[in-house]
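Observations on chain architecture
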Amino acid sequence: MPVGLFRVCLLVITAIVNHPLFFPKENGTVPENTEEIIQKMKEREESLRLEQLRLEQEIADQEATQKALEKAAVVAEESKEEKVRWDMWTALSMVIFLLIELWRQDFQEGNWQDIGGEEDDMAVLGKAFKGVSLPDKAVLASFYEKRILGTTGDMARMREMVEGFADDLLEALRSVCNRDADMEVEDCMGVGSMYENWRVRKPFVCDLIVPFAPPEPYCFHCQTWCSGDSFPPDEQGYGTIKVCRADEDATGCICDKTKLGEDMLCLLHSQVSSTRPSSEMEDLLCFKNTQYLDADQVMKWFQIAVTKAWNRISHKYEFDLSFSLLDSPGALKIKFKSGKSIAFNLTPVVQYENSDVYFISHFPRSSLATDVPSSTHWFLTFAVYERRFIQLVSKTLPVNACHVSCLQILSFLHGKQCSLTGPSGLTNYHLKTVLLHLLQARPSQDWAPEKLEARLQDMLKFLEKCLQEKKLYHFFIGNGKVPAELGFPIIFQRAEPLNLFRPFVLRRDIYRKMVDTFHEMLRNMSALINEYTVHSPLAHTNGIRKE
């Protein structure tokens, strides 16, 4: 009991002593300071929490950026490795393809060369050339005199007759044409084998070109593949002819080259003169909706004009005139009442600037321009310069030089071989190109008449080498050694050489036929020469009968 009372009293005393009313000064501010401290601690805690969140966000962003950079580096490395592997496989594939192509060509060429391996060595020239067994000089001289000269004696009289009639026909053509609307026709010029004195095959055909120009106020603006404009490889050797007004060229106005606004007017050209109706350009023989001269339209116009001209003068002559070939629009034939006939070609051309290079609409009896890109593409002919070059070189050669004889003999043998095995891609123009190259390469004394056999072998070697390499370059284009006396345009001398055998690179069937014909001609050369020499009168009669 006393212990319990003591505990109660102690509890009461302790409560009274710790009551706040007993110590107002010392313990009055404790609650306020505690709340302030707690509040500051909460604020500090909140700021620390926000700072921690910010730091965590920055760390997360840095980690994401680092991961992105590492991923991009990995992707770039993989792409680089893949590109290197792709380039390696591409290069390897190209090498394999080229090796296969080379093997295929060697295999195919080896096949047709091995076919004649059991024949004479003359069947294959090139590396295996040991000399073509030509007849001796006496047989060659007899063959040339009886077979070549005996059939070409009437060429001069025929040229004179054809030129006279062509001049009369063109004069009549000018009279029937409208001078204000039709093309203006100039005098004709003779080109080709008949005027270079090496044609041997009958029928003799004169090739005449007729330059023409547009009526005033128009003019021709010519563009070639080597004039700076981009032409694809299959259009090398071609050009286009644009019909435009002469005053536009003189002033150099750009109103046709730029698109003027609807409220703008050219001060040099009125709206009437600057706009050209489609019908007007078609009247000027242009391709539909263009300003480019159309070769087909020109040939149609020329045929109609020649027909009208002949109707005007036909009463003066005792023969008939007709177009002889459908695929050669300018091929004409004179038919006499006796049954004899004379053929000649009258082909319209356009002069290139002030030179003797001409744009020709069609090549008569030739495979030089069989695959014309379009009727607005005109092939360039250098026939006038070729004739002048032969005349110029002939003045420096010995008397009775053998250069023309070589070309005549090869042309005759090639023609006879084609009559036996059919035509090939090899033409007389290719043979003439070979001669032009050799005339420039060899000194004058090498063309003496007693060296006929040696020069024939040179031409055969040169031609066979070109056939093997599939390269026979045009004599004038890209040739910087053309004599300055010819006045040849420098733009063509600086151009890339033009390969006349380029069309045969992708057409292997024609190329194979051409090479086979050449080898057959080599094998038959001696036999043909001996046959036509021994039996020249009979052969001459049969030849006339067949032709």
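Residues numbered from 1 in each chain as written. Predicted model: local features only at pLDDT ≥ 70, side-chain atom pairs only at ≥ 80, totals over all residues. Heavy atoms only, no water.

**Considering the overall build of the protein chain**
- Along its length, the protein chain carries 16 helices and 10 strands.
- Buried positions account for 41% of the 547 residues belonging to the protein chain.
- The contacts of the protein chain with a sequence gap of at least 6 include a subset with a gap of at least 24, amounting to 69%.
- Carbon and sulfur atoms form 56% of the exposed surface of the protein chain, whose accessible area is close to 32300 Å². (Helix = DSSP H or I, 4+ residues; strand = E, 2+ residues; numbered from the N terminus. Buried < 20%, exposed > 50% of the residue type's maximum accessible area, 1.4 Å probe, protein only. Contact = heavy atoms within 4.5 Å. Areas by Shrake-Rupley, 256 points an atom, 1.4 Å probe, with all protein chains shown as cover.)

**Section: the side chain of His474**
- With respect to the helices and strands, His474 occurs in the loop between helix H13 (452-469) and helix H14 (490-493).
- Look at His474 and you get buried, because its relative accessible area is 6%.
- A polar atom in the side chain of His474 sits 3.4 Å from the backbone nitrogen of Ile477.
- When residues no more than four places from it in sequence are discounted, the contact partners of His474 are Phe382, Glu386, Tyr429, His437, Leu498 and Leu500. (Polar contact = N/O pair within 3.5 Å; in protein donor to acceptor, adjacent residues only side chain to side chain.)

**Some points on the packing of aromatic side chains**
- Overall, the coordinates contain 27 aromatic pairs when judged by the stated rule.
- With 5.5 Å between their ring centres and 65 degrees between their planes, Phe319 and Phe336 make a pair best called edge-to-face. Remark: Phe336 occurs in strand S7 (residues 331-336) and Phe319 occurs in strand S6 (residues 319-323); sequence separation between them is 17 residues.
- Residue Phe319 is classed as buried on the basis of its relative accessible area of 9%.
- Seen in terms of ring centroids, Phe382 and Phe492 are 5.4 Å apart; in terms of plane orientation they differ by 85 degrees. Their pairing is edge-to-face. With Phe382 in the loop between strand S10 (378-381) and helix H10 (383-394) and Phe492 in helix H14, this pair connects stretches of sequence that are 110 residues apart. For the pair Phe382 and Phe492, a shared accessibility class is recorded, and that class is buried. (Phe/Tyr/Trp six-rings, centres within 6.5 Å; stacked < 30°, edge-to-face > 60°.)

**Re the pattern of salt bridges**
- For the structure on display, the rule yields 17 salt bridges.
- Note that Glu520 and Arg523 form a salt bridge whose closest N and O atoms lie 2.6 Å from each other. Here Glu520 and its partner Arg523 are both found in helix H15 (residues 508-534), 3 residues apart, which amounts to about one turn of the helix.
- Members of the salt-bridge network, linked through shared partners, are Arg442, Asp446, Lys451, Arg455 and Asp458. (Salt bridge = Lys/Arg side-chain N within 4 Å of Asp/Glu carboxyl O.)

**Notes on unusual backbone geometry**
- The omega torsion of the bond from Lys202 to Pro203 falls at 0 degrees, within 30 degrees of zero and hence cis.
- Of note, Pro203 is situated in the loop between helix H5 (193-196) and strand S3 (205-213).
- Of note, the amide linkage connecting Glu216 to Pro217 takes the cis form, showing an omega dihedral of 5 degrees.
- Here Pro217 is to be found in the loop between S3 and strand S4 (218-224).
- Although it is not a glycine, Asn197 sits at a positive phi angle of roughly 65 degrees.
- Residue placement: Asn197 occurs in the loop between H5 and S3.
- For Glu353, which is not a glycine, the phi torsion comes out positive at approximately 50 degrees.
- Take Glu353: it is sitting in the loop between strand S8 (341-351) and strand S9 (358-360).

**A few points about the environment of Pro398**
- Locating Pro398 in the fold gives a position in the loop between H10 and helix H11 (403-421).
- Distance in space between the C-alpha atoms of Pro398 and Trp447 is 7.0 Å, their sequence separation being 49 residues.
- If near-sequence neighbours (up to four positions away) are discounted, Pro398 is found in contact with Ser444, Gln445, Trp447 and Ala448.

**Here we look at H10**
- Counted at 1.5 Å a residue, the expected span for H10 with its 12 residues is 16 Å, and the 17 Å between its end C-alpha atoms agrees.
- Structurally, H10 contributes buried residues whose contacts are with strand S2 (189-191), H5, S3, S9, S10 and helix H12 (428-441). (Expected span 1.5 Å × (residues − 1).)

**A short note on the packing of H10 against H12**
- Running from N to C, H10 and H12 point in directions that differ by 40 degrees, and their axes come no closer than 11 Å. One finds that H10 runs oblique with respect to H12. Where H10 crosses over H12, the two elements pack in a sense that is left-handed. Judged by residue contacts, Glu386, Phe389, Ile390 and Val393 of H10 engage Tyr429, Lys432, Leu436, Leu439 and Gln440 from H12.
- When the residues that make up the contact of H10 with H12 are grouped by side-chain class, the tally is 6 nonpolar, 1 polar and 2 charged. (Axes fitted to C-alpha atoms, helices over the stretch in contact; angles between N-to-C directions. Parallel < 35°, antiparallel > 145°, perpendicular 65-115°, else oblique. Left-handed = near helix turned anticlockwise from the far one by under 90°. Nonpolar A, V, L, I, M, F, W, Y, C, P; charged D, E, K, R; others polar.)

**Let's talk about a nonpolar patch on the surface**
- On the surface, Leu92, Ile96 and Ile100 cluster together into a nonpolar patch covering about 260 Å² of accessible area.
- Inspection of the secondary structure assignment puts Leu92 in helix H2 (residues 30-115). (Patch = residues over 30% accessible without salt bridge, like charges linked within 9 Å, V, L, I, M, F, W, Y side chains within 5 Å.)

**Considering the nonpolar core**
- Counting residues in hydrophobic clusters, the biggest one holds 112 residues, and the most contacted among them are Leu169, Leu293, Phe344 and Leu346.
- When residues in this core are grouped by element, the largest group, 10 residues, is from H15.
- In terms of nonpolar packing, the next biggest core, distinct from the first, is built from 9 residues, Val191, Ile209, Tyr238 and Val384 among them. (Core = buried A, V, L, I, M, F, W, Y, C linked by side-chain atoms within 4.5 Å.)

**Details of the pairing of S4**
- The buried fraction of S4 amounts to 5 of the 7 residues, a majority that puts the element mostly inside the structure.
- Relative to strand S5 (residues 238-245), S4 runs antiparallel, the two sharing 7 bridges. Pairing of His221 across the sheet is with Lys242, part of S5. (Pairing = 2+ DSSP bridges.)

Purely geometric stuff here, so don't read any function into it on its own.
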